[in-house]
Structure formats: C-alpha cells, structure tokens
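Chain and residue survey
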Amino acid sequence: MSKLSPGTLLLAIVAILFGLLGTYVLRLRLRPDVEAANEQATQTQLVPMASTDLPTGRRIALGDIALTRMTRGQMSQAGIRGQFMNQPNQIIGRVLSQSVSKGG
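Just so you know, these numbers come straight off a predicted model, no measurement behind them. (Residues numbered from 1 in each chain as written. Predicted model: local features only at pLDDT ≥ 70, side-chain atom pairs only at ≥ 80, totals over all residues. Heavy atoms only, no water.)

Here's the deal with the overall build of the protein
A tally of regular secondary structure across the protein gives four helices and two strands. When the helices and strands of the protein are read in sequence order from the N terminus, they spell out α-α-β-β-α-α. Whereas a compact globule of 104 residues would reach a radius of gyration of roughly 13 Å, the protein reaches 29 Å, over 25% beyond that. If you line up the protein on its principal axes, its C-alpha atoms span 95 × 20 × 20 Å. (Helix = DSSP H or I, 4+ residues; strand = E, 2+ residues; numbered from the N terminus. Rg over C-alpha atoms; globule rule 2.2 N^0.38 Å.)

Printed below as a string of structure tokens:
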C-alpha cells in the first residue's frame, strides 16, 4: 500500500471543501425566494369595483366606480382572475353589455 504525501492529502481536503461550497451556493441559487413570495402576497393593487348596481346598456361614469385595494388572495376570492382593467380611465365611458351588481 502506498503512502499519501501531505501535499496530496491537503489537495484532497481543499477539493472536498470547494465541492461542498459549490453545492451550498448552488442550493442557495435554486431555492425559491420566500421573502419575495411573501412580499408579493401582501402587495396590494387597485381594483375598480361597481359602487352601485349597474343595468345593461348603461354608460359607465366616474361615480359608478369605487377603487378598492386588494391583495392577490383577496382578488382570487372575489373571482378576479387573469388580466383586468385597473385604471378608471380604461373603464369610464364604456357601455355595459350585461348588468353588474354592486361590488362586481
């Protein structure tokens, strides 16, 4: 059996340490950012809602809209999914093709 020289042994230890360090850095990079996910969950967004019951054929005015701040969780509970018009100027002046109840 051959003897290991101190230089070979030191090189093996350094190689193992660099391997462990590289694995740790890779693990940190691939882990989802929990803080960013929590921040996004608590971030609010303006959502225009009907302030009164609006009948079919009505032209929407500024008084018909109430702006509400909601988180993503609240929007999904309210049935708001995907893209929506979040600016009042995108909605004002449009004519309703179907009735909208208050808060809808």
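Past the structure itself, the notes keep going.
With respect to the side chain of Asp64
Along the chain, Asp64 falls in the loop between β1 (45–50) and β2 (65–70). For Asp64, a relative accessible area of 5% corresponds to the buried category. A distance of 3.0 Å separates the side chain of Asp64 from the backbone nitrogen of Ala61, its partner in a polar contact. Asp64 has contacts with Met49, Ala50, Ser51, Thr52, Leu54, Arg58 and Arg59, leaving out every residue within four places of it along the chain. (Buried < 20%, exposed > 50% of the residue type's maximum accessible area, 1.4 Å probe, protein only. Polar contact = N/O pair within 3.5 Å; in protein donor to acceptor, adjacent residues only side chain to side chain. Contact = heavy atoms within 4.5 Å.)

Some points on the nonpolar core
Within the largest apolar cluster, six residues are counted, these being Ala50, Leu54, Ile60, Ile65, Ile91 and Leu96. Judged by nonpolar contacts, the second largest core, of five residues, contains Val47, Met49, Met70 and Ile80. (Core = buried A, V, L, I, M, F, W, Y, C linked by side-chain atoms within 4.5 Å.)

Focus: the pattern of salt bridges
Applying the stated rule across the entire model yields one salt bridge. Between Arg58 and Asp64 there is a salt bridge, with its nearest N and O atoms 2.9 Å apart. (Salt bridge = Lys/Arg side-chain N within 4 Å of Asp/Glu carboxyl O.)

Quick word on the confidence of the model for the protein
The predicted structure's coordinates, where accompanied by low pLDDT, should not be read in detail. In this model, the protein carries a mean pLDDT of 85, and residues with pLDDT of at least 70 account for 92%. Summarising per-element confidence for the protein, the mean pLDDT is lowest in helix α2 (residues 34–42) (68) and highest in helix α1 (residues 6–30) (92). (pLDDT = per-residue confidence, 0-100.)

Focus: a nonpolar patch on the surface
A surface patch of nonpolar side chains, amounting to about 670 Å² of accessible area, comprises Leu10, Val14, Phe18, Leu21, Tyr24, Val25 and Leu28. Secondary-structure assignment places Leu28 in helix α1. Residue Leu28 is classed as partly exposed on the basis of its relative accessible area of 41%. (Patch = residues over 30% accessible without salt bridge, like charges linked within 9 Å, V, L, I, M, F, W, Y side chains within 5 Å. Areas by Shrake-Rupley, 256 points an atom, 1.4 Å probe, with all protein chains shown as cover.)

Concerning the environment of Gln43
Looking at where Gln43 falls in the secondary structure, it is placed in the loop between α2 and β1. Apart from the residues lying within four places of it in its own chain, the contact partners of Gln43 are Met70, Thr71 and Arg72.

A closer look at the environment of Gly63
Counting through the fold element by element, Gly63 comes out in the loop between β1 and β2. The exposure class of Gly63 is exposed, given its relative accessible area of 60%. Placed 30 residues apart in sequence, Gly63 and Asp33 show a C-alpha to C-alpha distance of 41 Å.

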